[in-house]
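Observations on the model geometry
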Amino acid sequence: AVVLIILSAVGHLQMVGLPAIPGLSNIWFHFALATVALLVPGRPLLVDGWRGLTHNAPNMNTLVGLGVTAAYLASCAALFFPDLGWDCFFEEPVMLLGFVLLGRSLEKRARNRAAASLKSLVGLQPKTVHFVTNPDNLQHLDGNAILDLPANQVRVGEFLQVRSGEKIPVDGEIVAG
């Protein structure tokens, strides 16, 4: 995505008063860049957008695909039929595709970080709990009234003991202590 954006932008440096870079300012270079961008990194996006359109369930890829394809085809018509007097703007489909792909990669990275954080948070949860077998006498628990069980066996309404310094294994309500 970044390479597409840089190549497309560098080809237009002469528009801001800088010297043109040979080859990168050529309209045929921009045509080739746009064609490659649509056929290689943009292909999955375009295919998904087309599927959404044909299944009467358009999605974001349909919208981006329509915009990119319309800009590309209009630029191709201007390039191959110069008598029309249209301007070529092959950089628009490349830039749009580049920004969409860049956004998706950033979103994927953020999602992976969030998933990793959630896994590490779940890893902090204690594996065992101290199950209270006789909740009628919570003030004076002895060793016989406590049973160590796996945390995934705890059910709603059961009583647990959390000792000083231990992590709280499940959501609950403090009833004593």
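How each quantity is defined
- Residue positions within a chain follow its written sequence, with the count starting from 1.
- At least 70 in pLDDT is required for a residue's local features to be given in this predicted model, at least 80 for side-chain atom pairs to be given and counted, and no such filter applies to totals for whole chains, interfaces and linings, which use all residues.
- With hydrogens and water stripped out, all remaining heavy atoms of the structure feed into the side-chain values.
- When DSSP finds at least two bridges between two strands, those strands are taken to pair.
- Only DSSP runs of H or I covering at least 4 residues are called helices, and only runs of E covering at least 2 are called strands; the numbering of each starts at the N terminus.
- Aromatic pairs are defined between Phe, Tyr and Trp rings, using the six-membered ring for Trp, whenever the two ring centres lie within 6.5 Å; interplanar angles under 30 degrees are classed as stacked, those over 60 as edge-to-face, and all others as tilted.
- Each patch is built from residues that are more than 30% exposed by relative accessible area and take part in no salt bridge. Like charges join if they lie within 9 Å; nonpolar side chains (Val, Leu, Ile, Met, Phe, Trp, Tyr) join within 5 Å.
- Surface accessibility in these figures is a Shrake-Rupley result with a 1.4 Å probe; residues are shielded only by whichever protein chains are displayed.
- Salt bridge criterion: a side-chain nitrogen from Lys or Arg within 4 Å of a carboxyl oxygen from Asp or Glu.
- Helices are assigned an expected span. That span is 1.5 Å times one less than the residue count.
- Here the term buried applies to any residue with accessible area under 20% of the maximum for its type, exposed to any over 50%, and partly exposed to those in between, with areas from a 1.4 Å probe on protein chains only.
- Any two residues having at least one pair of non-hydrogen atoms within 4.5 Å are treated as being in contact.
- A 3.5 Å cut-off defines polar contacts: any pair of N or O atoms within that distance qualifies, except that in protein one atom must be a possible hydrogen donor and the other a possible acceptor, and neighbouring residues in sequence count only when both atoms are side-chain atoms.

1. Notes on the sheet that holds strand S1 (residues 128-132)
- The sheet built from 3 strands is open, its strands ordered S2-S1-S3 with antiparallel pairing. Edge positions in the open sheet fall to strand S2 (146-150) and strand S3 (160-161), since each of these has one partner strand only.
- As defined by bridge partners, S1 adjoins S2 across 5 bridges and the pair is classed as antiparallel. If you follow His130 over to S2, its bridge partner there is Asp148.

2. Let's talk about unusual backbone geometry
- Phi at Asn56 is positive, roughly 60°, even though this residue is not glycine.
- Looking at the secondary structure, you find Asn56 in the loop between helix H3 (43-54) and helix H4 (60-80).

3. Observations regarding the packing of aromatic side chains
- Counted under the stated rule, the structure contains 6 aromatic pairs.
- A ring pair is formed by Phe31 and Phe80, whose centres lie 5.6 Å apart and whose planes are at 85°; its orientation type is edge-to-face. Taken together, the positions of Phe31 in helix H2 (residues 27-39) and Phe80 in helix H4 put the pair 49 residues apart, joining distant regions of the chain.
- One aromatic cluster is present, formed by Trp28, Phe31, Tyr72, Phe80 and Phe90 through successive ring pairs.

4. Describing a nonpolar patch on the surface
- On the surface, a nonpolar cluster with roughly 590 Å² of combined accessible area is contributed by Trp28, Phe80, Phe81, Leu84 and Trp86.
- As for its placement among the helices and strands, Leu84 is situated in the loop between H4 and helix H5 (91-123).

5. A closer look at the environment of Pro135
- The residue Pro135 is located in the loop between S1 and S2 in this model.
- Sequence separation between Pro135 and Arg113 is 22 residues, and the spatial gap between their C-alpha atoms is 42 Å.

6. Some details on H4
- For H4, built from 21 residues, the straight-helix expectation of 30 Å at 1.5 Å per residue is met to within 8% by its first-to-last C-alpha distance of 30 Å.
- Within H4, the full set of buried residues consists of Asn61, Thr62, Val64, Gly65, Val68, Ala71, Tyr72, Ser75, Cys76, Ala77, Ala78 and Leu79.
- Close packing links the buried residues of H4 with H2, H3 and H5.
- The residue sitting at the N-terminus of H4 and contributing the capping side-chain oxygen is Asn59; that oxygen lies 3.0 Å from the backbone nitrogen of Asn61.

7. What to know about the side chain of Thr62
- Looking at where Thr62 falls in the secondary structure, it is placed in helix H4.
- A distance of 2.9 Å separates a polar side-chain atom of Thr62 from the backbone oxygen of Gly49.
- Setting aside anything within four residues of it in sequence, one finds Thr62 in contact with Gly49, Gly52 and Leu53.

8. Topic: the environment of Cys88
- Examined against the element boundaries, Cys88 turns out to sit in the loop between H4 and H5.
- When the C-alpha atoms of Cys88 and Val170 are compared, they prove to be 63 Å apart, with 82 residues separating the residues in sequence.
- When near neighbours in sequence (up to four residues on either side) are disregarded, Cys88 contacts Ile27, Ser75, Ala78 and Leu79.

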